[in-house]
Amino acid sequence: MANNPSGWAPKSPEVAEGHDVETVTGNRALMLEEPLLFEIGATDQCGVDIDPAGNAPTRLGGLERGSVDLPGLSEPQAVRHYTRLSRQNYGIDLGVFPLGSCTMKHNPRLNEKVARLPGFADVHPLQPVDTVQGALECIEKLGDWLIKLTGMHSVAMSPKAGAHGELCGLLCIRAALEARGDARKVVLVPESAHGTNPATAAFCGYRVENIPANDAGRVDLDALKARLGPDVAAVMITNPNTCGLFEPDMKAISDAVHTAGALVYCDGANFNAIVGRVRPGDLGIDAMHINLHKTFSTPHGGGGPGAGPVVLSEAVAPYAPLPYVRKSGDGYELVEEENAGDSDSFGRMVAFHGQMGMFTRALAYMLSHGADGLKQVAEDAVLNANYVLRRMEDLLDAPYAHSGPCMHEAIFSDRGFAEGLSTLDLAKGLIDEGFHPMTMYFPLVVHGAMLVEPTETESRDGLDQFITAFRHVAKRAREGDETLKQAPLYAPRRRLDETLAARQPVLAYKTPAPDGSSTGLGAKYGGG
Ligand SMILES: *Cc1c(COP(=O)(O)O)cnc(C)c1O
């Protein structure tokens, strides 16, 4: 392996105030400074030995890809690079991850063991159906649990995330309306909704209109009723909503929507708060996605796979996507275009059958908890969130605490912070204390919102440690401690320009010329 010609060079670390020991490497004991891949590897080296290609003529008609300047690394270089980066990261296996609306609960290791069984882990989506009967049974059983837990008519298993499930549910609703010759144009969405709700409706070709919230943080039923009419196709409601509150009028909302000839979509991302206690089917819902990666503990974050099955009412079930698993004799079959007959399905959302690894994990979770255990999940999640709410409300403004207990997440505003200090500063201060911050500035209906979702898998001790840190940083924000604006002081990186990073990702960095004649940014696939 060639030596690395371009890469690593010592750096002087940014030294936090009060810490004057510099290291020549930039490392701080076991916390290792790590350059970019582009600075370690070199474009003229390769981590694998491949014989040079012969002189076979190209058949790509000039479409072959030119150089993309990807750096080559040896295997140990690559392994160390990602291991070092992973040590600068934070995850649910390290500590409390109170990101509201995301349900970052512990991922039980039993689920991992089951998902890794070769009969599940190694199946191929194009295998003959008679060789994957166990996998199909697993999908069917999981679907059956979801139907029973939600009290709905049927389930579409293939959507791969919550937002994908929203798309599936809304496409079913659209197909149902079109089938009765009643294409409508508008979808109503409460102003506290997750951004994916209006995005999904717009993607399906609907015009999105907001429904206001009332003082108690719930959907304003009168405003909703006043807006219903023959142009409204559907209402998308999150229950429990993104303020962490149950919508007690849900049945009245569904009845009003149905009377007006429209259908009800429920964003079920917050199902963790009510699983085993409330069946959405009893509330008149027509379609609802379930994030297996939230409520049913399959790992998520960092772009890992999710799974967003959608439970459906009888009215919209016929329009569900292909393929699906169906019992046949004493086995299972896959219903695809060839054997669907003259189905009303709106079509296909994914190439294959959904996320097998998530299905096995979610089913293992359900079977290990049992029906009573799942009910306790909801109760403990709600208990933990209320514990945080009551332990913080003397220090932080809790805008809906007057309307009773919260569900699975506690919401606070930045009211009462000293001039010049913000929710962002508080969140960065929590990083210095070793905690991942809560969700910030969402939902939009609360000023400087902080949405804390501890989940049921935190112990009382774990919650107390988090609350001690949260209270300390909240006090600093109230008292106007200006050093909070410098936070995080101890993280491997300080405050990054996240907007610039998202808007202008640099995907092929070039080492800047020492004379300053080029920056790292102007590379072929980057911005800058
Ligand atoms: C997480 C979430 C979604 C989107 O789910 P993804 O799996 O991230 O696509 C939608 N709505 C709410 C309320 C959520 O919390």
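Below is a short write-up of the structure.

Criteria and cut-off values
- Residues numbered from 1 in each chain as written.
- Predicted model: local features only at pLDDT ≥ 70, side-chain atom pairs only at ≥ 80, totals over all residues.
- Heavy atoms only, no water.
- Phe/Tyr/Trp six-rings, centres within 6.5 Å; stacked < 30°, edge-to-face > 60°.
- Helix = DSSP H or I, 4+ residues; strand = E, 2+ residues; numbered from the N terminus.
- Buried < 20%, exposed > 50% of the residue type's maximum accessible area, 1.4 Å probe, protein only.
- 1 Å grid on protein atoms, 1.4 Å probe; cavity = no way out; pocket = protein on both sides within 12 Å on 5 of 7 lines; lining within 4 Å.
- Points joined across faces, edges and corners; volume = space filled by probe spheres on them.
- Nonpolar A, V, L, I, M, F, W, Y, C, P; charged D, E, K, R; others polar.
- Near = heavy atom within 4 Å.
- Polar contact = N/O pair within 3.5 Å; in protein donor to acceptor, adjacent residues only side chain to side chain.
- Areas by Shrake-Rupley, 256 points an atom, 1.4 Å probe, with all protein chains shown as cover.

Digging into the packing of aromatic side chains
- One pass over the structure, following the stated rule, counts five aromatic pairs.
- For the pair F412 and F470, a centre-to-centre distance of 6.1 Å together with 80° between the ring planes defines the contact as edge-to-face. Taken together, the residues span a long stretch of sequence, with F412 in strand β10 (residues 410-412) and F470 in helix α12 (residues 460-479) at a distance of 58 residues. The exposure classification of F412 matches that of F470, with both residues buried.
- With 5.5 Å between their ring centres and 75° between their planes, F435 and F466 make a pair best called edge-to-face. Taken together, the residues F435 in the loop between α11 (423-432) and β11 (439-440) and F466 in helix α12 connect sequence positions 31 residues apart.
- Given a relative accessible area of 12%, F435 falls into the buried group.
- Each residue in the set F412, F435, F466 and F470 is aromatic and connected to the rest through ring pairs, giving one cluster.

Brief notes about empty space enclosed by the protein
- What the rule picks out here adds up to three cavities of 30 Å³ or more.
- As a volume, the largest cavity reaches approximately 70 Å³.
- P190, E191, S192, V219 and E247 are, among the 14 residues lining the largest cavity, the residues nearest its centre.
- Residues that form the lining of the largest cavity fall into these classes: seven nonpolar, four polar and three charged.
- Looking at the second largest cavity, its volume works out to about 60 Å³.
- C243, L245, L389, Y400, A401, G404, P405, C406, E409, A410 and I411 are the residues that line the second largest cavity.

Looking at the site of the ligand
- Neighbouring the ligand are the residues S101, A161, G162, A163, E166, H194, T196, D267, A269, N291, H293 and K294.
- Within the contact set of the ligand, a nitrogen atom lies 2.6 Å away from a side-chain nitrogen or oxygen of D267.
- Contact with the protein chains covers 85% of the free accessible surface of the ligand, which is 380 Å².
- Among the elements that make up the shell around the ligand, the one with the highest residue count is helix α6 (residues 162-179) (three residues).

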